[in-house]
Amino acid sequence: MRSVVAVLEKQIKDTWKNKTVLIQFLMFPFMTILMNHTVRIETMPKHFFTELFAVMYLGMAPLVSATSILSEEKERGTLRALLMAGVKPGEYLLGVGLYVWTGCMIGSLLMVFFDDYTAKQASLFLLVAALGIPFSLVIGACVGIASRSQMAATSLSVPLMLLTSFLPMLAMFNASVEAVARYTYPQQLKVLLVDAERGMIGAGSCLILLGNGLFLLVLFMILYKKNGLE
Amino acid sequence: MIAVSAEHIEKAFCAHTVLRDVSFSIPQGEIFGLLGPSGSGKTTLIKILTGQLAPTSGSAALFATRSEALTISQRRGVGIMMDEFGVYERLSCFDNLKVFAALHGIDRSAIQKTLEAVGLSDCAKIPAGKLSKGMKSRLRLARAFLTSPQLIFLDEPTSGLDPAAAEEIHAMIAAQKKRGVTVFLTTHDMTEAEKLCDRIALLDEGRILVSGPPAELCRRYNRLRQITLRLSDGTELSFPADPASAPAICALIEQGRMETIHSSEPNLESVFMTLTGNKLNV
Ligand SMILES: Nc1ncnc2c1ncn2[C@@H]1O[C@H](COP(=O)(O)OP(=O)(O)O)[C@@H](O)[C@H]1O
Ligand SMILES: [Mg+2]
């Protein structure tokens with residue numbers, strides 16, 4: 001427990017200096033606030049920008065931050081120093097995971113806070129965010145674990161991040177993309193977010209999310225077994 | 001009490017043998033230097049001794065506990081400084097140590113004290129990435145000292161530093177010895193080894209060639225001792241340091257042709273050359 005707290009503390013201290021991660025945490029929340037306050041189109045559905053950007057945010061921010069933190073610590077050898085000081089790999093991952101999760105929850109909070117959601121809608125929105133972040137987080141951890149260097153990690157995380165964050169938007173414009181995308185977690189998060197507004201969460205979405213979650217966990221475990229943390 | 005012991009350690013990476021039958025033991029309170037050219041296996045040996053790497057055969061133990069089986073609290077009693085252990089560049093010196101202090105439940109005053117011990121207390125708030133190379137080495141040294149360990153491993157603590165910065169590190173290592181700490185250090189700098197270490201071992205291609213106190217090794221391998229005369233016309237003549245050379249040297253002195261005379265004592269460099277035919281600092 002002490003190790004998890006130490007890792008978490010270190011990350012919190014690093015927040016304002018680590019531009020990569022800070023931008024990931026704040027970019028979409030700020031874009032959402034900006035668009036909501038500057039662009040007004042009568043025919044546009046309510047919360048259009050918030051929902052669109054929230055889904056992109058959930059697909060991108062946890063993935064990129066987790067990859068960046070992990071691969072940097074691997075490359076710099078600070079992770080090695082932590083492990084030698086008795087931090088268990090699971091404790092380290094939990095510390096970083098909690099940090100990224102919290103950062104993205106704060107971002108999501110900003111998004112709903114500055115849009116006119118009712119308390120019930122807002123809590124459902126945050127619930128979806130809380131559920132959604134771990135998916136991208138696990139993908140980010142997979143990339144961090146599998147790559148040998150920061151460069152390799154970036155070249156892998158960028159295409160993945162584009163996929164997880166833009167798929168729901170592409171699905172809006174193309175029916176055949178939608179047909180495939182509906183079986184992925186980003187699209188289902190989008191469905192849930194829209195449902196959240198109506199105040200209900202569908203069972204089908206939950207089933208697909210469960211399947212996605214299991215798949216990612218198994219993938220993570222295989223990669224971890226193969227590569228370890230170092 | 002034996003602080004470090006290695007018994008018949010062999011290590012191979014695939015078909016490439018890096019360490020061959022390495023055995024030694026280090027009593028508590030000693031500064032032990034492992035001297036060898038780069039690529040001779042020094043870092044690999046430190047990794048095996050500290051349990052970061054398993055040997056292919058043989059065994060390593062710290063304070064009579066097998067290195068692989070060290071508990072977390074036993075590890076806390078061992079400080080390690082290696083190139084591969086980076087620092088958090090964006091965090092201040094203080095915060096860098098604080099991460100590890102938090103892991104070990106050490107309070108702030110101990111961090112301050114450690115920073116003082118390595119002469120970094122004025123830089124406590126400076127991000128580690130902004131430090132000079134010598135200061136960064138001292139920060140990494142501070143991390144090894146933080147838990148007040150009884151045993152410290154230092155992998156080339158002064159490599160790449162200018163003589164003044166290296167000198168400061170030497171003083172800090174010597175100060176640890178005064179506290180009764182056992183120090184295992186690797187280096188490819190023979191003057192460093194001669195100056196700091198109670199005992200050294202010469203490592204070449206994964207094999208320990210000789211070990212013992214530096215002065216004794218020099219005496220044992222004194223084949224290279226020579227007497228060099230500089231003559232008034234500027235030429236230099238060298239004679240082996242044995243009685244047979246006496247008449248020739250006397251003659252030169254009698255003829256008044258000698259300007260200076262000195263004997264070149266064998267140092268660790270020459271011992272290494274005698275044993276391997278290679279230079280140490282390659
Ligand atoms: N993980 C590894 N895999 C393969 N070869 C290695 C590995 N680590 C070290 N070596 C090899 O072992 C030899 C000794 O390396 P090292 O212990 O780093 O030497 P030194 O620290 O004395 O410079 C080198 O030839 C190096 O290439
Ligand atoms: Mg080395």
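How each quantity is defined
- Residues numbered from 1 in each chain as written.
- Chains lettered and ligands numbered in written order.
- Predicted model: local features only at pLDDT ≥ 70, side-chain atom pairs only at ≥ 80, totals over all residues.
- Heavy atoms only, no water.
- Near = heavy atom within 4 Å.
- Polar contact = N/O pair within 3.5 Å; in protein donor to acceptor, adjacent residues only side chain to side chain.
- Areas by Shrake-Rupley, 256 points an atom, 1.4 Å probe, with all protein chains shown as cover.
- Helix = DSSP H or I, 4+ residues; strand = E, 2+ residues; numbered from the N terminus.
- Nonpolar A, V, L, I, M, F, W, Y, C, P; charged D, E, K, R; others polar.
- Salt bridge = Lys/Arg side-chain N within 4 Å of Asp/Glu carboxyl O.
- Buried < 20%, exposed > 50% of the residue type's maximum accessible area, 1.4 Å probe, protein only.
- Core = buried A, V, L, I, M, F, W, Y, C linked by side-chain atoms within 4.5 Å.
- Domains from an automatic or database assignment.
- Axes fitted to C-alpha atoms, helices over the stretch in contact; angles between N-to-C directions.
- Parallel < 35°, antiparallel > 145°, perpendicular 65-115°, else oblique.
- Left-handed = near helix turned anticlockwise from the far one by under 90°.
- Contact = heavy atoms within 4.5 Å.
- Phe/Tyr/Trp six-rings, centres within 6.5 Å; stacked < 30°, edge-to-face > 60°.
- Pairing = 2+ DSSP bridges.
- Disulfide = S-S within 2.5 Å.
- pLDDT = per-residue confidence, 0-100.

**Looking at the site of ligand 1**
All names here are of chain B.
Here is step 1 of the chain: As a structural note, the neighbourhood of ligand 1 is formed by Phe 13, His 16, Val 18, Pro 37, Ser 38, Gly 39, Ser 40, Gly 41, Lys 42, Thr 43 and Thr 44.
Here is step 2 of the chain: Between an oxygen atom of ligand 1 and a side-chain N or O atom of His 16, the distance comes to 3.4 Å.
Here is step 3 of the chain: A distance of 2.7 Å is found between an oxygen atom of ligand 1 and a backbone nitrogen or oxygen belonging to Gly 39.
Here is step 4 of the chain: Here ligand 1, which alone exposes 570 Å², has 59% of that area covered by the protein.
Here is step 5 of the chain: Breaking the shell around ligand 1 down by element, the ones donating at least two residues are β2 (16-27) and α1 (42-49).
Here is step 6 of the chain: By residue number, the principal contributor to the shell around ligand 1 is α1, which donates three residues.
Here is step 7 of the chain: Partitioned by chemical class, the residues of the shell around ligand 1 number three nonpolar, seven polar and one charged.

**Some thoughts on the pattern of salt bridges**
Here the idea is simple: oppositely charged side chains can pair when their charged atoms come close.
Residues and elements named next belong to chain B.
Here is step 1 of the chain: Tallied over the entire structure, the rule returns 19 salt bridges over all chains.
Here is step 2 of the chain: Note that Arg 138 and Glu 168 form a salt bridge whose closest N and O atoms lie 3.5 Å from each other. Of this pair, Arg 138 sits in helix α5 (residues 133-145) while Glu 168 sits in helix α6 (residues 163-178), and the two are 30 residues apart along the sequence.
Here is step 3 of the chain: Relative accessible area serves as the criterion here: at 14%, Arg 138 is assigned to the buried category.

**Some words on unusual backbone geometry**
Residue and element names in this part refer to chain B.
Here is step 1 of the chain: In this structure, Cys 14 takes a positive phi of about 55 degrees despite not being glycine.
Here is step 2 of the chain: Exposure remark for Cys 14: the relative accessible area of 83% places this residue in the exposed category.
Here is step 3 of the chain: Residue Ala 64 is not a glycine yet carries a positive backbone phi of 65 degrees.
Here is step 4 of the chain: Residue class for Ala 64 comes out exposed when judged on its relative accessible area of 73%.

**Here we look at the nonpolar core**
Here is step 1 of the chain: Grouped together as the largest cluster of nonpolar side chains are 136 residues, with contacts concentrated most on Tyr92(A), Phe24(B), Leu49(B), Phe153(B) and Phe184(B).
Here is step 2 of the chain: In terms of residues, this core owes the most to one element, helix α3 (residues 48-76) of chain A, which gives 15 residues.
Here is step 3 of the chain: Composition of this core by domain shows at least three residues from each of domain 1 (2-77 + 149-214) and domain 2 (88-141) of chain B.
Here is step 4 of the chain: Counting five residues, the second largest nonpolar core, distinct from the first, contains Leu229(B), Leu231(B), Phe239(B) and Ile249(B).

**Some remarks on the packing of α3(A) against helix α5 (residues 89-113) of chain A**
Residue and element names in this part refer to chain A.
Here is step 1 of the chain: Closest axis-to-axis distance for the α3/α5 pair is 10 Å, and the angle between their directions is 155 degrees. Classified by the angle between their axes, α3 and α5 sit roughly antiparallel to one another. Crossing of α3 against α5: the hand is right-handed. Where α3 abuts α5, its residues Thr 50, Phe 53, Ala 54, Tyr 57, Leu 58, Ala 61, Pro 62, Ser 65, Ala 66, Ile 69, Leu 70 and Glu 73 lie against Tyr 92, Leu 93, Val 96, Tyr 99, Val 100, Gly 103, Cys 104, Gly 107, Ser 108 and Met 111.

**Some thoughts on the packing of aromatic side chains**
All names here are of chain A.
Here is step 1 of the chain: According to the stated counting rule, one finds 13 aromatic pairs over all chains in the structure shown.
Here is step 2 of the chain: Both rings, one in Phe 28 and one in Phe 53, keep their centres 5.9 Å apart while their planes meet at 40 degrees; by these two values the pair is tilted. In this pair, Phe 28 is assigned in helix α2 (residues 19-38) and Phe 53 in helix α3, connecting sequence segments 25 residues apart.
Here is step 3 of the chain: Judged by relative accessible area, Phe 28 falls into the buried class, the value being 4%.
Here is step 4 of the chain: Overall, the relative accessible area of 8% leaves Phe 53 in the buried class.

**Here's the deal with the pairing of strand β1 (residues 2-13) of chain B**
All names here are of chain B.
Here is step 1 of the chain: For β1 and β2, the ladder comprises eight bridges, and the chain directions are antiparallel. The residue of β2 that forms the bridge with Phe 13 is His 16.
Here is step 2 of the chain: Taken together, the five bridges between β1 and strand β4 (residues 57-62) define a ladder with antiparallel strand orientation. In the sheet register, Glu 10 faces β4, and the bridge partner there is Ser 57.

**A look at the state of the cysteines**
Disulfides are covalent bonds that connect the sulfur atoms of two cysteines.
Here is step 1 of the chain: The full count for this structure, using the stated rule, is zero disulfides over all chains.
Here is step 2 of the chain: Sulfur of Cys104(A): no disulfide; nearest cysteine sulfur belongs to Cys142(A) and is 16 Å away.
Here is step 3 of the chain: Of all cysteine sulfurs in the structure, the one in Cys197(B) sits closest to Cys218(B), which takes part in no disulfide; the separation is 12 Å.

**Considerations on the confidence of the model for chain B**
Here is step 1 of the chain: Averaged over every residue, the pLDDT of chain B is 90; residues scoring 70 or more account for 98%.
Here is step 2 of the chain: The secondary structure element of chain B with the lowest average pLDDT is helix α10 (residues 268-276) of chain B, at 78, and the one with the highest is strand β7 (residues 151-155) of chain B, at 97.

**A closer look at the sheet that holds β2(B)**
Adjacent strands of a sheet pair through backbone hydrogen bonds, lying either parallel or antiparallel.
Here is step 1 of the chain: One open sheet accounts for four strands, arranged β2-β1-β4-β5 (chain B); its pairing is antiparallel. With partners counted over all chains shown, the strands left at the sheet margins are β2 and β5 (65-66) of chain B, one partner each.

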